[in-house]
Amino acid sequence: YSTANLNYLFGTGVDWVRIPFDPTSILNATSGSASETTQIGYLTAAVDIALARGFKVLLDCHVSLTDSGWDAATILADYPAGSHWTRMVAFSATMGAALAAKNYSPSQVAYQTFNEMPGTQTNYNAKVLALYNSFRTTNTYTTVVIGGDQYSSIDGLRTWTMSGFTGNYLVGVTPYVPQQF
């Protein structure tokens, strides 16, 4: 997201940018630590730069499928009370607080809590709702993007009821399975 790249995109008429990030290094940091705060600061700085250029922003928490230790399968397998899952839930609240502190407009900034959960998840509704509710404990107004399991596919979307969400959210759907074209 260099200034030159943002200028190019803005010049094409694009008005939304997606800023994907892998939270591995943040999840490796202790919750509330200076390292976590600094790394989240980098994310909000990227959002600030994009907003200043005139974009709206989707900040996309895109959990690694391959990183040993903080990969999606490990985090999801730890549901509901394992250390990886509880750290992910705490991180969701921390990101909510960081975005709330910046007072971004919900029409300007959206946050995706866990993009493209792999495979068919047991307790998918409960997992997505836990991340959503954790975010909402610290931020009641930022637009939250959620998606079905099976990599946010339309088939994955059909596996859950979308109940329990309190509003200001949207559903992201991908028409593919990553790496399978």
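Above this text is the structure in question.
Residues numbered from 1 in each chain as written. Predicted model: local features only at pLDDT ≥ 70, side-chain atom pairs only at ≥ 80, totals over all residues. Heavy atoms only, no water.

## A closer look at the sheet that holds strand E1 (residues 16-21)
Next, step 1: One open sheet accounts for five strands, arranged E1-E2-E3-E4-E5; its pairing is parallel. Across the chains shown, the open sheet's two edge strands, defined by having one partner strand only, are E1 and strand E5 (169-171). The mean inter-strand angle of the sheet, taken between neighbouring strand axes irrespective of direction, is 25°.
Next, step 2: Bridge count between strand E3 (residues 109-112) and strand E4 (residues 143-146): three bridges; the pairing is parallel. From the neighbouring strand, alanine 110 faces E4, where its bridge partner is threonine 143. (Pairing = 2+ DSSP bridges. Helix = DSSP H or I, 4+ residues; strand = E, 2+ residues; numbered from the N terminus. Axes fitted to C-alpha atoms, helices over the stretch in contact; angles between N-to-C directions.)

## Observations regarding the packing of helix H3 (residues 34-53) against helix H5 (residues 83-102)
Next, step 1: Contact pair H3 / H5: the axes reach a minimum separation of 11 Å and the direction vectors enclose 50°. Taken together, H3 and H5 sit at an angle that is classed as oblique. In this structure, H3 meets H5 at a crossing whose hand is right-handed. Of the residues in H5, those touching H3 at Glu36, Ile40, Leu43, Thr44 and Asp48 are Arg87, Phe91, Thr94, Met95, Ala98, Leu99 and Lys102.
Next, step 2: Residue composition of the contact of H3 with H5, grouped by class: six nonpolar, two polar and four charged. (Parallel < 35°, antiparallel > 145°, perpendicular 65-115°, else oblique. Left-handed = near helix turned anticlockwise from the far one by under 90°. Contact = heavy atoms within 4.5 Å. Nonpolar A, V, L, I, M, F, W, Y, C, P; charged D, E, K, R; others polar.)

## Things to note about the packing of aromatic side chains
Next, step 1: For the structure shown, the criterion picks out eight aromatic pairs.
Next, step 2: Between phenylalanine 21 and phenylalanine 91, the aromatic rings sit 6.3 Å apart at their centres with planes inclined by 70°, giving edge-to-face as the arrangement. With phenylalanine 21 in strand E1 and phenylalanine 91 in helix H5, this pair connects stretches of sequence that are 70 residues apart.
Next, step 3: The class of phenylalanine 21 is buried, set by a relative accessible area of 8%.
Next, step 4: A centroid spacing of 5.3 Å and a plane angle of 85° characterise the contact between tyrosine 79 and tryptophan 85, whose relative ring orientation is edge-to-face.
Next, step 5: On the basis of relative accessibility, which here comes to 2%, the residue tryptophan 85 falls in the buried class. (Phe/Tyr/Trp six-rings, centres within 6.5 Å; stacked < 30°, edge-to-face > 60°. Buried < 20%, exposed > 50% of the residue type's maximum accessible area, 1.4 Å probe, protein only.)

## Thoughts on the environment of asparagine 28
Next, step 1: Summarising the element assignment, asparagine 28 is placed in helix H2 (residues 24-28).
Next, step 2: Assessed through its relative accessible area of 52%, asparagine 28 is described here as exposed.

## Re H3
Next, step 1: End to end, H3 covers 28 Å across 20 residues, agreeing with the expected 28 Å (1.5 Å per residue, within 8%).
Next, step 2: Tucked inside the fold, the buried residues of H3 contact helix H1 (3-11), E1, H2, strand E2 (56-61), H5 and E3.
Next, step 3: After H3 finishes, the residue glycine 54 shows a positive phi value of roughly 110°. (Expected span 1.5 Å × (residues − 1).)

## Side note on the pairing of E3
Next, step 1: Neither face of E3 is exposed, since Val109 and Tyr111 on one face and Ala110 and Gln112 on the opposite face are all buried.
Next, step 2: Pairing analysis gives four bridges linking E2 to E3, with the strands arranged parallel. Bridge pairing in E3 places leucine 58 opposite alanine 110.

## Thoughts on the environment of aspartate 71
Next, step 1: With respect to the helices and strands, the residue aspartate 71 is situated in the loop between E2 and helix H4 (72-77).
Next, step 2: When the C-alpha positions of aspartate 71 and glycine 41 are compared, they lie 23 Å apart, and in sequence the two are 30 residues distant.
Next, step 3: Those residues in contact with aspartate 71 that sit more than four places away from it in its chain are Val63, Ser64, Leu65 and Thr66.
Next, step 4: Reaching out from aspartate 71, the side chain makes a polar contact with the side chain of threonine 74 at a distance of 2.7 Å. (Polar contact = N/O pair within 3.5 Å; in protein donor to acceptor, adjacent residues only side chain to side chain.)

## Side note on the layout of surface pockets
Next, step 1: As a volume, the largest pocket reaches approximately 150 Å³.
Next, step 2: Forming the boundary of the largest pocket are 13 residues, of which Arg18, Leu58, Gln112, Asn115 and Thr174 lie nearest the centre.
Next, step 3: Here the residues of the lining of the largest pocket sort into five nonpolar, six polar and two charged. (1 Å grid on protein atoms, 1.4 Å probe; cavity = no way out; pocket = protein on both sides within 12 Å on 5 of 7 lines; lining within 4 Å. Points joined across faces, edges and corners; volume = space filled by probe spheres on them.)

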